[in-house]
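The lines below spell out each chain.
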Amino acid sequence: SVYNSTMGKWHRNKSLTRRWQRNALITQYGAVCYLCKEPFKKMKEITFDHKIPVSKGGLDELSNFGLAHYHCNRAKNDMTLEEFEIFQKGGEFVE
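Described below are features of the structure shown in this document. (Residues numbered from 1 in each chain as written. Predicted model: local features only at pLDDT ≥ 70, side-chain atom pairs only at ≥ 80, totals over all residues. Heavy atoms only, no water.)

## Description of the overall build of the chain
In terms of regular secondary structure, the chain is built from 3 helices and 4 strands. Taken from the N to the C terminus, the helices and strands of the chain come in the order β-β-α-β-β-α-α. Per-residue burial over the chain gives 28% buried out of 95 residues. At a minimum sequence separation of 6, the contacts of the chain that also span at least 24 residues come to 45%. Here the chain has roughly 6800 Å² of accessible surface; of this, 53% comes from carbon and sulfur atoms. (Helix = DSSP H or I, 4+ residues; strand = E, 2+ residues; numbered from the N terminus. Buried < 20%, exposed > 50% of the residue type's maximum accessible area, 1.4 Å probe, protein only. Contact = heavy atoms within 4.5 Å. Areas by Shrake-Rupley, 256 points an atom, 1.4 Å probe, with all protein chains shown as cover.)

## Considerations on the state of the cysteines
Tallying each qualifying case throughout the model produces 0 disulfides. For Cys 33, which is in no disulfide, the shortest distance to another cysteine sulfur is to Cys 36 and amounts to 3.8 Å. On the basis of relative accessibility, which here comes to 28%, the residue Cys 36 falls in the partly exposed class. (Disulfide = S-S within 2.5 Å.)

## Here's the deal with the pattern of salt bridges
Under the definition given, this model contains 2 salt bridges. Lys 76 is the salt-bridge partner of Asp 49, the closest N and O atoms lying 3.0 Å from each other. Of this pair, Asp 49 sits in strand β3 (residues 46–50) while Lys 76 sits in helix α2 (residues 70–76); the two residues are 27 residues apart in sequence, bridging distant segments of the chain. Assessed through its relative accessible area of 3%, Asp 49 is described here as buried. For Lys 76, a relative accessible area of 0% puts it in the buried group. Ionic pairing is found between Glu 83 and Lys 56, a salt bridge with its closest N-O pair at 2.7 Å. One end of the pair, Glu 83, is in helix α3 (residues 81–88); the other, Lys 56, is in the loop between β3 and β4 (65–69), with 27 residues separating them in the sequence. We classify Glu 83 as buried; its relative accessible area is 12%. (Salt bridge = Lys/Arg side-chain N within 4 Å of Asp/Glu carboxyl O.)

Here is the structure:
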């Protein structure tokens, strides 16, 4: 369960927690994909992306989440943001 200080209670329901996280990120960064910088047209387009992938040591916490379109999130896959930006420009990266 997760304590939501804004709502002042514990949540066992993950969808409520995700909704709170999504709203917190929209409040902080706006309703814009952090990868392509385009706005979201519908809420169902929004996915959570780990800025630092879990496979590369990233944590499953709000500070490591970015809101992304589904297709942008899939394209980034398990790359870091830096690797993804190089990939978008047609470059290669070395792990």
